[in-house]
Amino acid sequence: MDSIAVALQPYKDRVGLTAAIVTVVQFFSGVLALNEIRRQGNTRGFSVLPFLGCTVFCLLNIQFGQMLRDDGMIRVNFIGLALNLLYVCGFYLYTEGPRKTAVWGQIGLAGAFTVGVISYVQYEDPKLVEFRFGVILTGLLWSLVGMPLLGLNDILKNKSTEGLPFPIIFLGAVVSFCWLLYGIILRSNFLVVQNLMALALSAVQLSLFIIFPSGAVKPPPSPAKKRN
């Protein structure tokens, strides 16, 4: 990896800028989901977890960026944090009365998890914290990227990719590739491992669109019998 890092070092700023731009573009993909919620007038069929997960991930990445002294990572995740907080607020506004309590509960759990991790980072041994914090971020990222695969059984059963957000998955693959290159340049093993696995998960999801290109496969109608 060192030889690749040396070769890419002159392009560090370009790769970092590209990673930042495509990440910000991906952050705006939440607008598509919120627009669908707005059109139907409620949040039925949608979950607040992707928005909450991204909010927590961005907040923790700001902390990780401070540890790495990487201003670009900090700026990008500040934008992501602001956008996803707006998405959570929008989701809550369109949530019907009885479901608001459940949303508040999920927000509370996400907040408690975030406070717990940040508190741990402040008191952990500096020699250990970067590694352990990186493990937490890696697990969280993989959970977010792999979330669409929770419906894999239905996809295989119906032979349809309906419900999989192709633009978001495709952008996720591009984002993972860019941050993978940036991680190599920074010689950050965690950025490399995080985004290599995220890229693999995105590739699995994109392959489903190739396997089932026409959506649901329906049996052909039986020919009508001729009457005598």
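Up top is the structure.
Just so you know, these numbers come straight off a predicted model, no measurement behind them. (Residues numbered from 1 in each chain as written. Predicted model: local features only at pLDDT ≥ 70, side-chain atom pairs only at ≥ 80, totals over all residues. Heavy atoms only, no water.)

Observations concerning the overall build of the protein
A tally of regular secondary structure across the protein gives 10 helices and zero strands. The helix and strand sequence of the protein, counted from the amino end, reads α-α-α-α-α-α-α-α-α-α. The C-alpha extent of the protein, read off along each of the three principal axes, is 85 × 50 × 25 Å. Among the 228 residues that make up the protein, the fraction classed as buried is 40%. Taking as baseline every contact in the protein between residues at least 6 positions apart, the subset at least 24 positions apart corresponds to 79%. Split by element, the accessible area of the protein, about 13600 Å² in all, is 66% carbon and sulfur. Both charge centroids of the protein, one from 18 positive and one from 11 negative side chains, sit 16 Å from each other. (Helix = DSSP H or I, 4+ residues; strand = E, 2+ residues; numbered from the N terminus. Buried < 20%, exposed > 50% of the residue type's maximum accessible area, 1.4 Å probe, protein only. Contact = heavy atoms within 4.5 Å. Areas by Shrake-Rupley, 256 points an atom, 1.4 Å probe, with all protein chains shown as cover. Lys, Arg positive; Asp, Glu negative; His and termini not counted. Charge placed at Lys NZ, Arg CZ, Asp CG, Glu CD.)

Some thoughts on the state of the cysteines
For the structure on display, the rule yields zero disulfides. Counting only cysteine sulfurs, cysteine 58 is the nearest neighbor of cysteine 54, a cysteine outside any disulfide, at a range of 6.2 Å. (Disulfide = S-S within 2.5 Å.)

Regarding the side chain of serine 176
Along the polypeptide, serine 176 turns up in helix H9 (residues 166–186). Judged by relative accessible area, serine 176 falls into the buried class, the value being 5%. In this structure, serine 176 is in contact with Asn195, Ala198 and Leu199, ignoring residues within four places of it in sequence.

So, the nonpolar core
Counting residues in hydrophobic clusters, the biggest one holds 43 residues, and the most contacted among them are Phe57, Leu60, Phe91, Phe133, Leu137 and Trp179. At the level of elements, helix H2 (12–27), helix H3 (30–40), helix H4 (49–68), helix H5 (71–94), helix H6 (97–123), helix H7 (126–146), H9 and helix H10 (189–211) are the ones that each hand at least two residues to this core. With near-sequence residues (within four places) excluded, leucine 60 lies in contact with Phe113, Thr114, Val117, Ile118, Phe133, Leu137 and Leu140. With eight residues, the next largest nonpolar core counts Leu164, Ala173, Leu208 and Phe209 among its residues. (Core = buried A, V, L, I, M, F, W, Y, C linked by side-chain atoms within 4.5 Å.)

Re the side chain of asparagine 42
Relative to the assigned elements, asparagine 42 resides in the loop between H3 and H4. Assessed through its relative accessible area of 11%, asparagine 42 is described here as buried. Of note is the side chain of asparagine 42, whose polar atom sits 3.0 Å from the backbone nitrogen of arginine 44. Not counting residues within four places of it along the chain, the set of residues in contact with asparagine 42 comprises Ile37, Tyr94 and Glu96. (Polar contact = N/O pair within 3.5 Å; in protein donor to acceptor, adjacent residues only side chain to side chain.)

Some points on the environment of arginine 132
Structurally, arginine 132 is set in helix H7. The class of arginine 132 is partly exposed, set by a relative accessible area of 38%. Counting along the chain gives 11 residues from arginine 132 to valine 121, while the straight-line C-alpha distance between them is 8.9 Å. For arginine 132, the residues in contact, after removing those within four places along its chain, are Tyr120 and Glu124.

Quick notes on the packing of H2 against H9
Contact pair H2 / H9: the axes reach a minimum separation of 9 Å and the direction vectors enclose 155°. Comparing their axes, H9 and H2 come out roughly antiparallel. Classified by chirality, the crossing of H9 by H2 is left-handed. Along the contact surface, H2 presents Lys12, Val15, Gly16, Thr18, Ala19, Ala20, Val22, Thr23, Val25 and Gln26, while H9 presents Ile168, Leu171, Gly172, Val174, Val175, Cys178, Trp179, Leu181, Tyr182, Ile185 and Leu186. Across the contact of H2 with H9, the residue classes tally to 15 nonpolar, five polar and one charged. (Axes fitted to C-alpha atoms, helices over the stretch in contact; angles between N-to-C directions. Parallel < 35°, antiparallel > 145°, perpendicular 65-115°, else oblique. Left-handed = near helix turned anticlockwise from the far one by under 90°. Nonpolar A, V, L, I, M, F, W, Y, C, P; charged D, E, K, R; others polar.)

Details of H2
For H2, spanning 16 residues, the distance from its first C-alpha to its last is 22 Å, which sits close to the expected 22 Å at 1.5 Å a residue. Where H2 is buried, its residues contact H3, H4, H5 and H9. (Expected span 1.5 Å × (residues − 1).)

Regarding the pattern of salt bridges
Scanning the entire structure with this criterion turns up two salt bridges. In this structure, glutamate 36 engages arginine 39 in a salt bridge whose closest nitrogen and oxygen atoms are separated by 3.2 Å. One end of the pair is glutamate 36 and the other is arginine 39, both in helix H3 and three residues apart, which spans about a single turn. For arginine 39, a relative accessible area of 59% gives the class exposed. Residue glutamate 96 is joined to arginine 44 by a salt bridge in which the shortest nitrogen-to-oxygen separation is 3.2 Å. (Salt bridge = Lys/Arg side-chain N within 4 Å of Asp/Glu carboxyl O.)

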